[in-house]
Amino acid sequence: MAPGAPARETCGAGRQRCFGAARARAERAMAPEPSGDGSGAAGGGSRVCFSGVEILAPMVRASTLALRLECLRYGADLVFGEEIIDKKLIGAARVENSAFGTVDFVSPREKVLIFATSKEERSRVFFQMGTADAALATQAAMLVARDVRGIDVNMGCPKSFSVKGGMGAALLSTPEVASDILRALRRNLPESCALTCKIRMLETTAKTRDFMQLCEKSGAEAVTVHCRTRDERPAEPAHWDEIMRLWDAVKVPVICNGDFFTRRQIDEFWKFCHGAGAADGAAAGEKAGPSGIMIARGALWNPSIFCRDASVVPSFEDMVRNYVRAAVRANSTYQNCKWVLSQMLAGGVGVTAPNEFVGVPTKAFNRQLSTMKSMGAICEKLGIPHDAASFPQQAHMTTYYRGWEPLDAQAAAAAAGGTLPQKRPGDQHREEIEDVAPELRGEADDDAARKRARTEA
C-alpha cells in the first residue's frame, strides 16, 4: 500500500492479525527440520528453519531494537541487528534494565549502550558482528550468545572503515581468515546459537559459489548473498538473476538481499524465482531459488512491508506512530528516533513520501522535527501521550548510563567505603521520589521533569 493510503480496518486489529500470523511463522521457523535440503541447518547446530523467511537486514543506525520489534510485529520472521565491531563489544557489561524490560550491553569505560535486546525478540534476533580475527570474534560472540538466536559475520560491508580493518567485504579476499572466524565461532558457540554470514557477489559466479562453499564447510548454517559486488553502490540495481546461479552452490539455506523496496517487488521476486526454476527444468512442485529474502531500506522506509495481508496494512501515519511508541518503550534515544523518522518521511525507490504528514506539509514537518530535542517533543507533535516523569532520568538519551558503574566496581566501592553499591542513575531517581512524603511527590516529580527538560535542551 502506498504511504498515506487509508487502512482497511482499525490499526490495532490489523496489527493483531499481522502479529498472530508472524508468531505462527516464527514457531514453525524454530521447529527442527531434516538437514541437507536447503531449509535448515546442516550437520547439527541450532536448527533454525529458513524456508520462506523474510528477514530485516542489518543496517547501521536503523536496525536497533525499536525497528526490529516493529518489523517482527508486522510479520518479519527474523531480524538482524546493526553491525557491531568485536572490539567494541568485548568488555561490555550485561545489564538487565527492568525499567524497559531489556537486556543492555554497556561499555563500562564510555558509559554508553552498545546493544540492547528483549524477551520479545530473543528467539528471532541475530547479532551481526564486524570482525577480522577469530579470537576476538569468539570473545565478543560469547558475551551475547545466550541472549540472541544467532551470530552473523559481516563479510559484505564495502565501507572504508570496515575494509581497512580487514573486516566486511575485505574477508572476500581473505578466505582463510573468513574460514578461521567461522570455525572458531562454531566450535565455541552453544548449539542453541545459530551461525550465519552475509557476503557480496565476487567477480565471477564461480568465485562466489566457491566462497559460499567455503562458508558452508566452515560452519555457516545459512549464507546471505547481497546481489551486488563490493564496488557497486545502492544506486545501482541488484542482480536478481545471479541468485538463480548461486542458490544451489550449497546445501545450507541461501538468503537473497538487494532491492526489496515494496511488497509488490517481493511478490514479483518470488514469481521470478519460480519462473526461472521452471525454465531450468525444475521438477513440478520442486522449490527453486533462495530459501528466503532479506529486506533493508524497504523495511526502514516502512516496516509494514513485512505484512503479507494487504487488508491489514496500516496507514502511513499509523505506521509512523507505531514506530515512535515502540521507540519509547525500547528506550531508543530521541536522536535515533528522529533519524529513523526522517528516513521514513523521505521514502525512496518505489516508496513515495506523503505530501502532508499530521496535517502539515511533509517538508515543514521535517524542519520542525530537526529542532526537537526530546522524545516528549516528538510524541507531542504526533499526538502520542508521553509522561517524562514516569521514566528514569536520562531515558531516551545517549547519557542514560552516565554515572553507572559495573557490578565489580560497585562491589569494590562498597567494600572499601562501606556504602551501598551504586545503582543505575534512573533507579536512584525513582527511589528518591518514593522517599518523598506523599503530599510532596507531585512537586518532586515536577522538579525532576524540569531538570530533564533543561538537560535535554
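Position labels on residues start from 1 in each chain and follow its written sequence. Local features are withheld for residues below a pLDDT of 70 in this predicted model, meaning they are given only at 70 or higher, and side-chain atom pairs are given and counted only at 80 or more; totals for whole chains, interfaces and linings count all residues. Water and hydrogen atoms were dropped before computing side-chain values, which therefore reflect all heavy atoms in the structure.

Another aspect to go through is the packing of helix α12 (residues 334-346) against helix α13 (residues 362-371). Any two packed helices are characterised by the angle at which their axes cross and by the distance between the axes. Between α12 and α13, whose axes approach to 11 Å, the crossing angle comes to 170°. Here α13 runs roughly antiparallel to α12, going by the angle between their axes. On α13, the residues touching Lys338, Leu341, Ser342 and Leu345 of α12 are Thr362, Phe365, Asn366, Leu369 and Ser370. Here the term charged refers only to Asp, Glu, Lys and Arg, the term nonpolar to Ala, Val, Leu, Ile, Met, Phe, Trp, Tyr, Cys and Pro, and the term polar to all other amino acids, Gly among them. Considering only residue class, the contact of α12 with α13 consists of four nonpolar, four polar and one charged. Fitting a line to C-alpha atoms yields each axis, with helices limited to the stretch in contact; the angle taken between N-to-C directions then spans 0 to 180 degrees. Only runs of H or I of at least four residues qualify as helices and only runs of E of at least two qualify as strands under DSSP, and these elements are numbered from the N terminus. Angle categories are assigned with fixed cut-offs, so that under 35 degrees is roughly parallel, over 145 is roughly antiparallel, 65 to 115 is roughly perpendicular, and the rest are oblique. Note on contacts: a residue pair is in contact if any heavy atoms of the two residues lie within 4.5 Å.

Take the pairing of strand β9 (residues 194-201) next. Burial classification: accessible surface area is computed with a 1.4 Å probe over protein chains only, and a residue below 20% of its type maximum counts as buried, one above 50% as exposed, and the rest as partly exposed. β9 sits mainly inside the fold: eight of its eight residues count as buried. Here six bridges tie strand β8 (residues 150-155) to β9, and the two strands are oriented parallel to one another. Bridged to Val153 within β9 is Cys197. DSSP-based pairing: two strands are paired if at least 2 bridges between them are found. Bridging between β9 and strand β10 (residues 223-229) involves five bridges; their strand directions are parallel. From the neighbouring strand, Lys198 faces β10, where its bridge partner is Thr224.

This brings us to empty space enclosed by the protein. Cavities and pockets are found on a 1 Å grid laid over the protein atoms alone: a cavity is a set of points where a 1.4 Å probe fits but cannot escape, a pocket is an open set with protein on both sides within 12 Å along at least five of seven lines, and a lining residue has an atom within 4 Å of such a point. Grid points are joined across faces, edges and corners, and a volume is the space filled by probe spheres set on the points. The final tally for this structure, using the stated rule, is one cavity of 30 Å³ or more. By volume, the largest cavity is sized at about 30 Å³. If you trace the largest cavity, you find it lined by Asn97, Thr102, Asp104, Leu113, Ala116, Ala330 and Asn331.

A few words now on the nonpolar core. We call a set of buried Ala, Val, Leu, Ile, Met, Phe, Trp, Tyr and Cys residues a nonpolar core when their side-chain atoms join them within 4.5 Å. If you look at the biggest cluster of nonpolar residues, it comprises 114 residues, and the most contacted ones within it are Ile151, Met155, Tyr323 and Ile378. Sort the elements by how many residues they give to this core and helix α11 (residues 316-329) lands first, with eight residues. When neighbours within four sequence positions are excluded, Ile378 is seen to be in contact with Val324, Tyr334, Cys337, Lys338, Leu341, Leu369 and Met372. Judged by nonpolar contacts, the second largest core, of 12 residues, contains Val53, Ile55, Leu78 and Ala222.

It is worth spelling out the sheet that holds strand β5 (residues 102-107) at this point. Taken together, the three strands give an open sheet; going across it, the order is β4-β5-β6, and neighbouring strands pair in antiparallel fashion. Both outer strands of the open sheet, β4 (93-97) and β6 (112-118), are each paired with one neighbouring strand and no more. Shown here is a sheet whose adjacent strand axes are inclined to one another by a mean of 30°, direction ignored. Relative to β5, β4 runs antiparallel, the two being bridged by five bridges. By the bridge assignment for β5, Arg94 is matched with Phe105.

A few words now on the environment of Arg122. With respect to the secondary-structure elements, Arg122 resides in the loop between β6 and β7 (125-130). Looking at Arg122, the relative accessible area reads 27%, which means it is partly exposed. In the structure, Arg122 is positioned 27 residues away from Arg149 in sequence and 6.3 Å away in space, judged by C-alpha atoms. Among all residues touching Arg122, those that are not within four sequence positions of it are Arg146, Asp147, Val148 and Arg149. We define a polar contact as two N or O atoms separated by no more than 3.5 Å, with the added condition that, inside protein, one atom must be a possible hydrogen donor and the other a possible acceptor, whereas residues neighbouring each other in sequence contribute only through side-chain atom pairs. Within polar-contact distance, the side chain of Arg122 engages the backbone oxygen of Val148 at 2.9 Å.

Turning next to the pairing of β4. The alternating pattern of β4 places Ala93, Val95 and Asn97 on a buried face and Arg94 and Glu96 on a face that is not buried. Taken together, β4 and the strand that follows it, β5, pair antiparallel across an intervening segment of four residues, in which Gly101 is found at a positive phi of about 65°.

Turning to α13, a few remarks are in order. Those residues of α13 not exposed but buried are Thr362, Ala364, Phe365 and Leu369. Summarising the axial view, the buried residues of α13 lie within an arc of 155°, below the 170-degree limit, and thus occupy one face. Residues of α13 that are exposed and point over 90 degrees away from its buried face: Lys363, Arg367, Ser370 and Thr371. Tucked into the core, α13 has its buried residues touching α12, β13 (356-357), β14 (360-361) and α14 (375-382). This arc is built from the directions going out from the helix axis to the C-beta atoms.

Let's shift gears to the confidence of the model for the protein. pLDDT gives the predictor's per-residue confidence on a scale running from 0 to 100. Of the residues in the protein, 76% have a pLDDT of 70 or more, and the chain-wide mean is 84. For the stretch residues 32-37, pLDDT sits under 50, and the model shows 13 contacts to residues farther than four places along the chain or on other chains.

Geometry of aromatic contacts follows a simple scheme: Phe, Tyr and Trp rings, the Trp one being its six-membered ring, pair when their centres are within 6.5 Å, and the pair is stacked under 30 degrees between planes, edge-to-face over 60, tilted otherwise. Going through the model one piece at a time under the given rule, you end up with 16 aromatic pairs. Note on Tyr400 and Tyr401: the rings are 5.0 Å apart at their centroids and 85° apart in plane angle, and the pair reads as edge-to-face. Centre to centre, the rings of Tyr401 and Trp404 are 5.7 Å apart; their planes meet at 80°, and the pair counts as edge-to-face. A connected cluster of aromatic rings, assembled from ring pairs, spans Phe100, Phe391, Tyr400, Tyr401 and Trp404.

Another aspect to go through is the layout of surface pockets. Taken as a whole, the largest pocket spans an internal volume of roughly 790 Å³. Taken together, 35 residues form the lining of the largest pocket, with Pro58, Met59, Lys159, Arg200 and His226 sitting closest to its centre. Elements with a minimum of two residues in the lining of the largest pocket: β9, β10, α10 (297-301) and α12. Ranked by the residues each element gives to the lining of the largest pocket, the list is headed by α10, at four residues. The volume enclosed by the second largest pocket comes to roughly 680 Å³. Lining the second largest pocket are 31 residues; nearest its centre among them are Thr64, Glu82, Leu113, Ile114 and Thr333. Among the elements of the structure, α2 (65-74), β3 (84-85), β6 and α12 are those that each provide at least two residues to the lining of the second largest pocket. It is β6 that provides the largest number of residues to the lining of the second largest pocket, a total of five residues. The class makeup of the residues in the lining of the second largest pocket is 15 nonpolar, nine polar and seven charged.

Despite not being glycine, Asp259 shows a phi value in the positive range, around 70°. On the secondary structure map, Asp259 appears in the loop between β11 (254-257) and α9 (263-279). The class for Asp259 is buried, based on a relative accessible area of 16%. Residue Gln394 is not a glycine yet carries a positive backbone phi of 65°. By the element assignment, Gln394 lies in the loop between α14 and α15 (407-417). Of the residues examined, Gln394 reaches a relative accessible area of 17% and is grouped as buried.

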